[in-house]
Amino acid sequence: MADNSKTEDTASDSLEAAKNATNKKEKLADQVMQNPQVLASLQERLDNPSLTPSSYIETFPKAVIRRIDALKKLQVKCAHIEAKFYEEVHDLERKYAALYQPLFDKRREFINGEAEPTDAESEWHSENEDEEKLAGDLKNAVVIDEKAEETNVKGIPDFWFTIFRNVDMLSELVQEYDEPILKHLQDIKVKFSEPGQPMSFSLEFHFGPNDYFSNSVLTKTYKMKSEPDKTDPFSFEGPEIVDCEGCTIDWKKGKNVTVKTIKKKQKHKGRGTVRTITKQVPNDSFFNFFSPIKVSGDGESLDEDSEFTLAADFEIGHFFRERIVPRAVLYFTGEAIEDDDNFEEDEEGEEEELEGEEEGEEEEDAESDPKKDSSQPAECKQQ
């Protein structure tokens, strides 16, 4: 019994000694981090371009690395709170979509000639007085037969088709044989997923009766994810589109523009006879938009071309949702496109102007002291 008691005391003393050693190490680490020379050394490592962020962090004492790990854990919690924020934003989008819809319904009526705006609804004051004056002069100079116009023109002709032509992202997808079909496009709507359902949105393309397909509505649904990735939570930057689904287009006989028929000659190996066969192959068309590449559910990665195509598809869907549908009239008139172009030009202009100022300053420094060798490096001029 005495031997057992002695063994327990020895184990207890060893454990206590280990704790004391750990505490001493932590205190020593704290003292080291308060040492100006150590901090200067760390700063020197930070300033060394050859060191990567991870490599210099590895040089920190274990106590500091432990605190950094704690910060990372906090950051993951922040990412999950941010994900909840975006889920509530999605709920708000759904709520306000219902408030916008009566206005969009009125827009559809005006576009398709289902209703005429009142004088009050059509009153619009242009900011450009010169344009108003020119419009007034033209109106006085030309006799307009309003009754004939009312008889011949219904609504706003080719409204959505014109938007497709105006927007580069969309016009690149449209082929010449797509154009007659798109002239039957009457409306585009955005629908958000219902509460409690996985986050998604759908685009609805409403068509009038036509000679090409029997569908009155073509749909495209984009599935979204708003949660940090378990393997890489720090990459979370908000909801992202992760998949999309199209619909089946019920093409009328001989009107499917997404395929083309080619003739191919085949030679019989034995007899040497030649026969001609016809074969259908895929054809470039905007309406391929409704037959997207399917994201593999078994974790298999797509090839580079497929990934590029899918990324472009996601971008187009997002553009319809965020820009085209809410601001359709401005893309029809081209005003939204001009605003986008001006914004890009302003950014480029600022960069060029900044570069010009820097070059000017260097030239002034060189000319201010003619005794200095003009071939001397710029960094040496301040010495």
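Look above for the structure.
Everything numeric here is computed off the predicted structure, so don't read it as measured data.

Each value, and the rule that gives it
- Residues numbered from 1 in each chain as written.
- Predicted model: local features only at pLDDT ≥ 70, side-chain atom pairs only at ≥ 80, totals over all residues.
- Heavy atoms only, no water.
- Salt bridge = Lys/Arg side-chain N within 4 Å of Asp/Glu carboxyl O.
- Buried < 20%, exposed > 50% of the residue type's maximum accessible area, 1.4 Å probe, protein only.
- Core = buried A, V, L, I, M, F, W, Y, C linked by side-chain atoms within 4.5 Å.
- Helix = DSSP H or I, 4+ residues; strand = E, 2+ residues; numbered from the N terminus.
- Contact = heavy atoms within 4.5 Å.
- Phe/Tyr/Trp six-rings, centres within 6.5 Å; stacked < 30°, edge-to-face > 60°.
- Lys NZ or Arg CZ within 6 Å of the ring centre and 35° of its normal.
- 1 Å grid on protein atoms, 1.4 Å probe; cavity = no way out; pocket = protein on both sides within 12 Å on 5 of 7 lines; lining within 4 Å.
- Points joined across faces, edges and corners; volume = space filled by probe spheres on them.
- Pairing = 2+ DSSP bridges.
- Axes fitted to C-alpha atoms, helices over the stretch in contact; angles between N-to-C directions.

Requested: an account of the pattern of salt bridges, with residues and values cited.
In the structure shown here, the tally under the stated rule is 13 salt bridges. Across the salt bridge formed by Glu-114 and Arg-108, the nearest N and O atoms sit 3.7 Å from each other. In this structure, Glu-322 engages Arg-321 in a salt bridge whose closest nitrogen and oxygen atoms are separated by 3.0 Å. For Glu-322, a relative accessible area of 33% gives the class partly exposed. Connected through salt bridges with shared partners, the residues Lys-223, Asp-243, Glu-245 and Lys-294 form a single ionic network.

Go over the nonpolar core with me, naming the residues and quoting the values.
Among soluble globular proteins, nonpolar side chains are generally buried collectively. Formed by 47 residues in total, the largest nonpolar core has its most connected members in Phe-164, Phe-205, Phe-287 and Phe-320. Counting residues per element, this core draws most heavily on helix α11 (residues 304-324), at 6 residues. In this structure, Phe-164 is in contact with Leu-170, Ser-171, Val-174, Leu-182, Leu-185, Ile-188, Phe-205, Phe-286 and Phe-320, ignoring residues within four places of it in sequence.

Before we move on, can you summarise the packing of aromatic side chains with the specific residues and values?
Enumeration according to the criterion identifies 25 aromatic pairs in this entry. Relative to Phe-332, the ring of Phe-159 has its centre 4.8 Å away and its plane inclined at 20 degrees; by these criteria the two rings are stacked. Of the two residues, Phe-159 sits in helix α8 (residues 159-166) while Phe-332 sits in helix α12 (residues 328-333), which places them 173 residues apart along the sequence. In this arrangement the basic side chain of Lys-220 is found over the ring face of Phe-289, its NZ or CZ atom lying 3.5 Å from the centre. The aromatic ring of Phe-201 is capped on one face by Arg-321, whose charged end is 4.8 Å from the ring centroid.

Pulling in residues and values, what's your account of unusual backbone geometry?
Of note, the phi angle at Asp-158 is positive, near 55 degrees, even though the residue is not glycine. Inspection of the secondary structure assignment puts Asp-158 in the loop between α7 (146-152) and α8.

Break down the layout of surface pockets for me, with residues and values.
Quantified by volume, the second largest pocket comes out at close to 480 Å³. What lines the second largest pocket is a set of 18 residues, among which Leu-173, Thr-309, Ala-312, Asp-313 and Ile-316 lie closest to the centre. The element best represented in the lining of the second largest pocket is α11, accounting for 6 residues.

Could you give an account of the sheet that holds strand β2 (residues 200-207), with specific residues and numbers?
Whenever strands of a sheet pair, they do so through backbone hydrogen bonds, lying parallel or antiparallel. The strand order across the open sheet built from 4 strands is β1-β2-β3-β4, with neighbouring strands paired in antiparallel fashion. The sheet terminates laterally at β1 (185-192) and β4 (240-245), the two strands that pair on one side only. Neighbouring strand axes in the sheet, compared pairwise and without regard to direction, differ in orientation by 20 degrees on average. Taken strand by strand, α8 contacts β1 and β2, and its axis lies near 75 degrees from that of β1. Seen against the sheet, α11 touches β1, β2, β3 (217-225) and β4 and runs at an angle of roughly 75 degrees to β2.

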